[in-house]
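A closer look at the structure
Spelled out from the first residue to the last, the chains are:
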Amino acid sequence: MLKLYYSPGACALASHIAFEEAGADYESVKIDLKAGEQKAPDYLAINPAGVTPALVTDEGVLTENAVIMSWIADLHPDRNLVPADAFQRARMDAFNGWAAASLHPALSRLMFSRPPLEGDARDAALKAVKDKLALAEQHLLKGPFVMGDQHTVADGYLSVFTRWCRLAGILDGDAYPKLNTHLDAVQARPAVQRALKAQGIEPVGG
Ligand SMILES: N[C@@H](CCC(=O)N[C@@H](CS)C(=O)NCC(=O)O)C(=O)O
């Protein structure tokens with residue numbers, strides 16, 4: 001049985017959504033990041049990087065949302081969670097790479113720096129986040145889904161970060177209408193609602 005380690009509302013929600021969209025057979029295990037469970041020896045034995053998600057499979061452990069989502073999508077081709085065309089698949093991978101390497105770190109710096117950022121440092125971090133949201137709004141999110149008409153695993157991934165932004169009050173409806181519409185559409189999906197419920201969290205209204 002596949003075992004997905006997650007923390008409620010954190011980035012592993014993207015993998016959790018992909019598992020529900022795929023109709024995969026799996027179990028989920030909660031890791032309390034605030035309590036530091038990700039740095040406990042038992043968890044470090046699974047993922048020495050000390051972060052969630054981690055996916056335990058019969059073949060070994062997988063980490064990184066982008067990889068876990070791709071793998072589960074490939075195991076359930078009937079669900080069409082990745083583009084069939086190789087070039088479009090590469091484009092989706094590029095989006096997920098950007099989300100992992102650019103959007104996520106910018107949001108983490110703004111929202112989770114300890115001690116919290118203040119003054120000029122916070123202003124700069126907020127500007128960096130807004131620039132990335134603008135890039136997604138104007139260029140990366142084709143609409144209605146990230147890849148255009150096809151819903152893919154990239155949509156659940158983007159929604160995790162726009163959900164954080166909405167919770168933080170920075171997903172401005174005038175500045176980011178497409179991102180807001182996208183988040184609403186993703187949160188309305190039954191699979192997403194199952195993943196949120198499994199994590200004990202709620203959709204976030206605009
Ligand atoms: N690029 C990684 C990022 C993983 C990551 O940073 N996870 C965060 C939660 S969003 C975490 O577990 N942080 C705990 C810590 O840094 O102690 C992925 O997508 O899987």
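From a predicted model like this one, the values you see are computed outputs, not experimental measurements. (Residues numbered from 1 in each chain as written. Predicted model: local features only at pLDDT ≥ 70, side-chain atom pairs only at ≥ 80, totals over all residues. Heavy atoms only, no water.)

With that settled, consider the domain arrangement of the protein. Here the protein is described as being made up of domain 1 (2-79 + 194-199) and domain 2 (86-189). One C-alpha centre belongs to domain 1, the other to domain 2; they are set 20 Å apart. Contact with domain 1, which involves 15 residues of that partner, is made by 15 residues of domain 2. With both sides pooled, the region where domain 1 packs onto domain 2 buries about 1,200 Å², and carbon together with sulfur makes up 64% of that total. Among the residues of domain 1 in contact with domain 2, C11, E21 and M69 are the three that bury the most area, contributing 33% of the side total. Joining domain 1 to domain 2, the criterion identifies two salt bridges. R189 is paired through a salt bridge with E21; the nearest N and O atoms lie 2.7 Å apart. Applying the counting criterion to the domain 1 and domain 2 interface returns four residue pairs in polar contact (both at pLDDT 80 or more). The dominant element in the side of domain 1 that touches domain 2, judged by the number of residues it contributes, is helix α3 (residues 65-75), at six residues. (Domains from an automatic or database assignment. Contact = heavy atoms within 4.5 Å. Buried area = accessible area lost by both parts, 1.4 Å probe. Salt bridge = Lys/Arg side-chain N within 4 Å of Asp/Glu carboxyl O. Polar contact = N/O pair within 3.5 Å; in protein donor to acceptor, adjacent residues only side chain to side chain. Helix = DSSP H or I, 4+ residues; strand = E, 2+ residues; numbered from the N terminus.)

Interaxial distance between helix α1 (residues 13-22) and helix α6 (residues 153-167) falls to 8 Å at its minimum, and their mutual angle equals 140°. In this structure, the crossing between α1 and α6 has a hand that is right-handed. Residues L13, A14, I17 and A18 of α1 touch α6, and the partners they reach there are V153, G156, Y157, S159, V160 and R163. Taken together, the residues of the contact of α1 with α6 sort by class into seven nonpolar, two polar and one charged. (Axes fitted to C-alpha atoms, helices over the stretch in contact; angles between N-to-C directions. Left-handed = near helix turned anticlockwise from the far one by under 90°. Nonpolar A, V, L, I, M, F, W, Y, C, P; charged D, E, K, R; others polar.)

Scanning all chains against the criterion turns up seven salt bridges. For R194, the salt bridge identified is with E20, shortest N-O distance 2.7 Å. Here the residue R194 occupies a position in helix α8 (residues 190-199), and E20 occupies one in helix α1, the gap between them amounting to 174 residues. You can call E20 buried: its relative accessible area is 15%. Residue K127 is joined to D131 by a salt bridge in which the shortest nitrogen-to-oxygen separation is 2.8 Å. With K127 and D131 both in helix α5 (residues 119-140) and four residues apart, the pair spans about one turn of that helix. Shared partners join several salt bridges into a network, and the residues in it are D74, R89 and D93. (Buried < 20%, exposed > 50% of the residue type's maximum accessible area, 1.4 Å probe, protein only.)

The sites that carry the UniProt feature "domain: GST C-terminal" (unreviewed entry) are, in the present numbering, residues 85-206. In residues 85-206, the share of helix is 70% and the share of strand is 0%. The end C-alpha atoms are 34 Å apart. (UniProt positions renumbered as here; feature names shortened; annotations may be inferred.)

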